[in-house]
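Each chain is listed here by its residues.
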Amino acid sequence: MRYPPPETLLGGSRIHSGIVIATFYLAKRMDGESELKLSRLLVLYASQTGNAMDAAERVGREAERGGCPSVQVISIDRFDVNFLPDENIAVFVVSTTGQGDVPDSMKVFWKFLLQRRLSNKWLEGLQYAVFGLGDSGYQKYNFTAKKLDKRLSDLGAMLLIEKGLGDDQHPSGYEGALDPWLSSFWKKLNMMHPNILPRISDIMDPSMRSLEQAKFEVTYHLSDNIQLELSNVSDLKETEKVIESALSMSPVQFYYQNKKPHYFLKMITNHQLTKPSQSRDVRHFEFESSLNSINYQVGDVLEILPSQNPAAVDAFIRRCNLDPNCYITVMSFYATADHEKEKLQYFASPEGRDDLYEYNQKERRSVLEVLEDFPSVEMPFEWLVQLVPPLKTRAFSISSSPSVHPNQVHLTVSIVSWITPFKRTRYGLCSSWLAGLDPCETNEFHIPSWVTRGALLRPLPSVPLILVGPGTGCAPFRAFVEERAQQKLTRSISPVLFFFGCRNEENDFLYENFWLSHAQNNGVLSTNKGGGFFVAFSRDQPQKVYVQHKMKEESKRIWNLLSAGAAIYIAGSSTKMPADVTSTLEEIIMEESGISKESAAKWLRLLEKAGRFFIEAWS
């Protein structure tokens, strides 16, 4: 039996932090200044996938760099909200999940704040700032940050600076908004409380920066001993401990009840849905568990912890001058190359942000690549452990029904690859790793996995459905249709309209036979059952056709189902599709009912509040 290799534990890079920390080791260490007794800065984060935690940690690092002697960065679910009025200054870094929902770790905190018994002076002694992480592809963009900001203000807290809104759609991601927002926040904080940041120049001027102690202590053991220990493992319990220990190195509180995987799954099918000759590669994966039954429902999400490329791990070890065959004490080494020092300091400065974006985000450089570009930097391994977090899980909509495939779970995954401006081919870590697994050769390889609730609520069989899922957005609706076909065998079901879209009928018509079989012979999607299956092939004709065009053609049928109590489900890319489809729905409601555009938009919002309008999108 094989277990996830050690490279599973080596995660992605935080390049901006890496450049800043590398700069520290290229600069002289500053003498410590006398500590001042100041009010502390509290940084609370609510994270669903870890990005809000990363941003909060950066706030904490910069505050410490500026000389703030008391900084605490903690997950919001670890903070007793009863003591919030005792705080002087708090920064909230919060993400938005689902359809404007607060992260799971924030639910108790948020419920407390909504209590009517809290007066409008409950937080009058608190000064606060809010930074949100969201995706403008969603209708309720950064909704958590917006409503938290308003609620804190309603409870009497004083706003230090206008809320910042990070956007996944920005070329630089949320950091595109975080950089200028943080700079403004430190200036405002220093203006109002000059004693809190006695070394604010260390934040604003990269050449003035110093470095605190690393948070981790690294001990090395003989590799033979490690191999001996692993060779005696007879079950997956030891692997659970290794994964739990690795995830515990990161302070983010995962929304699973614990960090142990829910399941260790074996891949049994790896099938390419698109034509091999095409640039796009979409796969159908099937997994099963031989140890315990898989418990999930349609609309759920499977999160997978992938493995890192062993070659990349070996290169990382060589670059760090690590000798795994001896026990050593980690030493700090400083670079002497002035030109590298100057370049890194420039990258870490506000003026160099655009060039850093060109160097880093556009090329998606890893920590290893940055270290190789600056060979004179010899960073202590403690800092590299702190800098490189454990791998994050990747989430995928489940595309199977447990009633049809007991003890199996299916995924529909687009294998991510792209060409950088410097003509380098990059690959998505998890999707390319899954695509490279051969079920025949890796039958005993167990994949750490978690099942979590998605944004798409499981529909009752009596509810008519309007499904819109272009591309891999069809994944959850394959599960919906499977389950409704199974329910049809024993009870009456309501109609289903499904709008699917792809580029070409010949090349990427995902699950073509599956959909067509259910659209015929009294199937779930057949017209004589009140349903329908409609496909938009965007590039099979001179003028592009998308799912919203097909929806307009079927506006009367859509309105009839909505009038009969139908629920709307949208899934797919978060770029433009959700907004375009929502706008089309508003037009259909407006035209078919004779109401105004504003009233149609309000009608949809009421539908969402009633639990009949769902969107699950991904970037």
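For the structure itself, consult the block above.
Reading the values: the criteria
- Residues numbered from 1 in each chain as written.
- Predicted model: local features only at pLDDT ≥ 70, side-chain atom pairs only at ≥ 80, totals over all residues.
- Heavy atoms only, no water.
- Phe/Tyr/Trp six-rings, centres within 6.5 Å; stacked < 30°, edge-to-face > 60°.
- Helix = DSSP H or I, 4+ residues; strand = E, 2+ residues; numbered from the N terminus.
- Buried < 20%, exposed > 50% of the residue type's maximum accessible area, 1.4 Å probe, protein only.
- Lys NZ or Arg CZ within 6 Å of the ring centre and 35° of its normal.
- Pairing = 2+ DSSP bridges.
- Axes fitted to C-alpha atoms, helices over the stretch in contact; angles between N-to-C directions.
- Contact = heavy atoms within 4.5 Å.
- Parallel < 35°, antiparallel > 145°, perpendicular 65-115°, else oblique.
- Left-handed = near helix turned anticlockwise from the far one by under 90°.

K.L.:
Please give an account of the packing of aromatic side chains that cites residues and values.
P.N.:
Throughout the structure, instances matching the rule amount to 21 aromatic pairs. Residues Tyr359 and Phe374 carry aromatic rings whose centres are separated by 6.5 Å and whose planes lie at 75° to one another, so their mutual orientation is edge-to-face. Here Tyr359 is found in helix α11 (residues 353-359), whereas its partner Phe374 is found in the loop between α12 (367-373) and α13 (381-387), with 15 residues between them in sequence. For the pair shown, Tyr359 and Phe374 are each scored as buried. With a centroid separation of 6.2 Å and 40° between ring planes, the pair formed by Phe498 and Phe500 is classed as tilted. Like Phe498, the residue Phe500 is buried in the burial classification. Here the aromatic cluster, defined as three or more aromatic residues joined through ring pairs, consists of Phe477, Phe480, Phe498, Phe500, Phe509, Phe514, Trp515, Phe533, Phe537, Tyr569 and Phe614. Above the ring of Phe143, the side-chain terminus of Lys140 is found at 4.9 Å from the ring centroid. Here the basic side chain of Arg478 rests over the ring of Phe514, its NZ or CZ set 5.5 Å away from the ring centre.

K.L.:
Go over the sheet that holds strand β16 (residues 496-502) with me, naming the residues and quoting the values.
P.N.:
Strand order across the open sheet formed by five strands is β17-β16-β15-β18-β19, with parallel pairing between neighbours. Two strands bound the open sheet, and with one partner strand each, they are β17 (532-537) and β19 (613-618). For this sheet, the mean inter-axis angle between neighbouring strands, taken without regard to orientation, is 10°. One ladder, built from four bridges, connects strand β15 (residues 465-468) with strand β18 (residues 567-573); its direction is parallel. Looking across to β18, one finds that Leu465 is bridged to Ala567. Along the sheet, helix α19 (residues 577-593) contacts β15, β18 and β19; its crossing angle with β18, the most-contacted strand, is approximately 150°.

K.L.:
Outline the side chain of Ser401, supporting the account with residue identities and numerical values.
P.N.:
The residue Ser401 is located in the loop between β10 (394-397) and β11 (408-414) in this model. The exposure class assigned to Ser401 is buried, which follows from its relative accessible area of 0%. Residues in contact with Ser401, not counting those within four places in the same chain, are Tyr296, Val298, Ala479, Glu482 and Glu483.

K.L.:
Would you mind going over the sheet that holds β10 in detail, with residue names and values included?
P.N.:
Spatial ordering of the open sheet is given by β10-β9-β14-β7-β8-β11, a layout of six strands whose pairing is antiparallel. The sheet is open, and its two edges are formed by β10 and β11, each paired on a single side. Pairwise comparison of adjacent strand axes, ignoring direction, gives a mean angle of 40° for this sheet. Of the strand pairs in this sheet, strand β7 (residues 263-272) and strand β8 (residues 282-288) are connected by six bridges, and their pairing is antiparallel. Residue pairing in the sheet places Lys266 in a bridge with Glu288 of β8.

K.L.:
How would you explain the environment of Arg58 if you had to name every residue and give the values?
P.N.:
Mapped onto the secondary structure, Arg58 falls in helix α2 (residues 51-65). The exposure class assigned to Arg58 is buried, which follows from its relative accessible area of 9%. As a C-alpha pair, Arg58 and Leu182 span 124 residues in sequence and 9.6 Å in three-dimensional space.

K.L.:
How would you summarise the packing of α19 against helix α20 (residues 597-609) if you had to cite specific residues and measurements?
P.N.:
Two quantities define a packed helix pair, namely the angle between the helix axes and the distance between the axes. Direction vectors running N to C along α19 and α20 enclose 115°, while the axes themselves pass 8 Å from each other. Viewed along their axes, α19 and α20 adopt a mutual orientation that is roughly perpendicular. The hand of the α19/α20 crossing is right-handed. On α20, the residues that touch Thr582, Ser583, Leu585, Glu586, Glu587, Ile589 and Met590 of α19 are Lys597, Ala600, Ala601, Trp603 and Leu604.

So yeah, pure geometry; function would need other evidence.
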